[in-house]
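Take a look at the letters that make up each chain.
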Amino acid sequence: MTEPTELDAEDKKIITLARSARARNGVAEGAAVRDETGRTYVAGTVALPSLELSALRTAVAMAVASGAKGLEAAAVVTEEPAPSEADLAAVRDLGGPAAPVHLAGPDGVLRQSF
């Protein structure tokens, strides 16, 4: 975990996309990931009786299903204080230990990076 720092334009973009997904879908979390080619995948929380996925795990799954071979960065917008260990593990599985996960509040302000 690191303290908030100035993000580059591409990381600000995925936070904006995650925030938009959360607001548009009226869900608890919005997330976005950027793959090794710069493509982005955006998702919200999935809460069905038979399937529950966090927004971040959904975004990672979308990237994998679309053929991504790696992740450069991820962002999640939520009221939670931190991403779950399972969320961080999903990002690390595809992005490796260097892929940052940016956590922002519903206002879009970066709180921490993991």
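Further up the page is the structure itself.
Considering the packing of helix H2 (residues 55–65) against helix H3 (residues 85–95)
At a minimum axis distance of 9 Å, the contact between H2 and H3 shows a crossing angle of 20°. By the angle class used here, H2 and H3 are roughly parallel. In the packing of H2 onto H3, the handedness of the crossing is left-handed. Across from Leu 56, Arg 57, Val 60, Ala 63 and Val 64 in H2, the residues of H3 making contact are Ala 86, Asp 87, Ala 90, Val 91 and Leu 94.

Focus on the environment of Thr 45
Its location among the elements puts Thr 45 in the loop between strand S2 (40–44) and strand S3 (46–48). Judged by relative accessible area, which is 24%, Thr 45 ranks as partly exposed. Considered as a pair, Thr 45 and Leu 17 are 28 residues apart in the sequence and their alpha carbons are 14 Å apart.

Let's talk about the pattern of salt bridges
Applying the stated rule across the entire model yields 6 salt bridges. The salt bridge involving Lys 12 is made with Glu 6; its shortest N-O contact spans 2.7 Å. Glu 6 sits in the exposed class, given a relative accessible area of 66%. A salt bridge links Arg 22 to Glu 79; the shortest N-O distance between them is 3.3 Å. Taken as a pair, Arg 22 in helix H1 (residues 9–25) and Glu 79 in the loop between strand S5 (71–77) and H3 lie far apart in primary sequence, 57 residues in all. One connected set of salt bridges, linked through shared partners, spans Asp 11, Arg 34 and Glu 72.

Some points on the nonpolar core
Ranked by internal contacts, the top residues of the largest apolar core, which has 21 residues, are Val 33, Leu 56, Val 60, Ala 63, Leu 71, Val 91 and Val 101. Only strand S1 (30–35), S2, H2, S5, H3 and strand S6 (101–104) provide two or more residues apiece to this core. No other element matches H2, which puts 5 residues into this core. For Leu 56, the contacting residues outside a window of four places in its chain are Ala 31, Val 33, Ala 74, Ala 75, Asp 87, Val 91 and Val 101. Counting 10 residues, the second largest nonpolar core, distinct from the first, contains Ala 18, Ala 32, Ala 73 and Leu 110.

Cut-offs used in this document
Residues numbered from 1 in each chain as written. Predicted model: local features only at pLDDT ≥ 70, side-chain atom pairs only at ≥ 80, totals over all residues. Heavy atoms only, no water. Axes fitted to C-alpha atoms, helices over the stretch in contact; angles between N-to-C directions. Helix = DSSP H or I, 4+ residues; strand = E, 2+ residues; numbered from the N terminus. Parallel < 35°, antiparallel > 145°, perpendicular 65-115°, else oblique. Left-handed = near helix turned anticlockwise from the far one by under 90°. Contact = heavy atoms within 4.5 Å. Buried < 20%, exposed > 50% of the residue type's maximum accessible area, 1.4 Å probe, protein only. Salt bridge = Lys/Arg side-chain N within 4 Å of Asp/Glu carboxyl O. Core = buried A, V, L, I, M, F, W, Y, C linked by side-chain atoms within 4.5 Å.

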